[in-house]
Amino acid sequence: MGVVEARGLVRTFGRGRAARRVLDGADLSVAGGETVAVVGRSGSGKSTLLHLLGALDRPEAGTISLDGRRVNGRPERELTRIRARSVGFVFQSFHLVPELSGAENVRLAARLPGAHPDAVGRAGSLVEDLGLSEAAGRLPHELSGGEQQRFAVARALVNDPAVVLADEPTGNLDPAAGAQVLGLLRAAAGDGRAVVLVTHERSATDIADRVLRLEDGRLVG
C-alpha cells in the first residue's frame, strides 16, 4: 500500500447544465521514496486533485488514505491535524505570510496543532541546511523568488511529513532557482516521503519516477 492512496475520486464544479466533472474516477498510488508528476491541460483538474489529496477539499465519491490513515469522513478538526503532521504543501505563489520573516514563516508551521514535537528545532536546521541563514530575517518582499520558494519548501518539511504535494512549484522561478527547488523536492522523496508534483514544465517531469496525465477526469500513465 502506498503512502498516498486514492481510489475512484469524483469532483464536480457547477450545477445543472453548467456542471463540469473535473475528476471522474481518478486513482493514484504513490509509495514512500517516490516522486510522481501529474501533467495535463489547463483546467483539467490537476490542482483540484492536489487539494483532495491534501484534505483541503472533499471528494463527492472515492476514498483517500494518507500515511495509512483514511481521511474521508473525518471532522475538520482531525483533518487539520492530519494536514499539519502528515502533509507538506508547496505552491507556485509561495504563500508566505508577508508580515513574517522567512524564518518566522517556517517556525509558524512548527506551531500548528498536531505539529511534530521537534518541529521548532527542525525549523532552524532546515533554514541552515537550505542555505537560507543569511536571508532568514528578511521579509518575503525582500527575498528573491528562489529564496521565497526555498523557505516554502522548508515550511513544508518542518513537521517531517510523509507526503509532499507541490502545485507548479517552479512556475514563478527562473531556470536556476527552479532547478534548485526541484532538487530539494527530489531530496525530500529520497528521505522516504511520497512526493506528488503538478507541473507543465519538462524540467519538473524529468525528476519524477513516474509521469501521469490527467485526461477526462482520470490519471493515465
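That block above? That's the structure.
### Overview of the pattern of salt bridges
Here's step 1: What the rule picks out here adds up to 14 salt bridges.
Here's step 2: Between Glu76 and Arg58 there is a salt bridge, with its nearest N and O atoms 3.8 Å apart. Of this pair, Glu76 sits in helix H2 (residues 76-86) while Arg58 sits in the loop between helix H1 (46-53) and strand S4 (61-66), and the two are 18 residues apart along the sequence.
Here's step 3: Residue classification places Glu76 among the partly exposed residues on the basis of a relative accessible area of 41%.
Here's step 4: The salt bridge involving Arg74 is made with Glu78; its shortest N-O contact spans 2.6 Å.

### Topic: unusual backbone geometry
Here's step 1: Its identity is not glycine, yet Ala55 carries a phi of approximately 60 degrees, on the positive side.
Here's step 2: The topology assignment puts Ala55 in the loop between H1 and S4.
Here's step 3: Residue Ala55 is classed as buried on the basis of its relative accessible area, which comes to 5%.
Here's step 4: Within the chain, Glu168 stands out as a residue other than glycine whose phi angle is a positive 50 degrees.

### Re the packing of aromatic side chains
Here's step 1: What the rule picks out here adds up to one aromatic pair.
Here's step 2: Geometrically, the ring pair formed by Phe89 and Phe91 is stacked, given 5.9 Å between the ring centres and 5 degrees between the ring planes.
Here's step 3: Classification of Phe91 as buried rests on a relative accessible area of 17%.
Here's step 4: Positioned above the aromatic ring of Phe13, the side-chain terminus of Arg11 is 4.4 Å from the ring centre.

So, how was this worked out
- Residues numbered from 1 in each chain as written.
- Predicted model: local features only at pLDDT ≥ 70, side-chain atom pairs only at ≥ 80, totals over all residues.
- Heavy atoms only, no water.
- Salt bridge = Lys/Arg side-chain N within 4 Å of Asp/Glu carboxyl O.
- Helix = DSSP H or I, 4+ residues; strand = E, 2+ residues; numbered from the N terminus.
- Buried < 20%, exposed > 50% of the residue type's maximum accessible area, 1.4 Å probe, protein only.
- Phe/Tyr/Trp six-rings, centres within 6.5 Å; stacked < 30°, edge-to-face > 60°.
- Lys NZ or Arg CZ within 6 Å of the ring centre and 35° of its normal.

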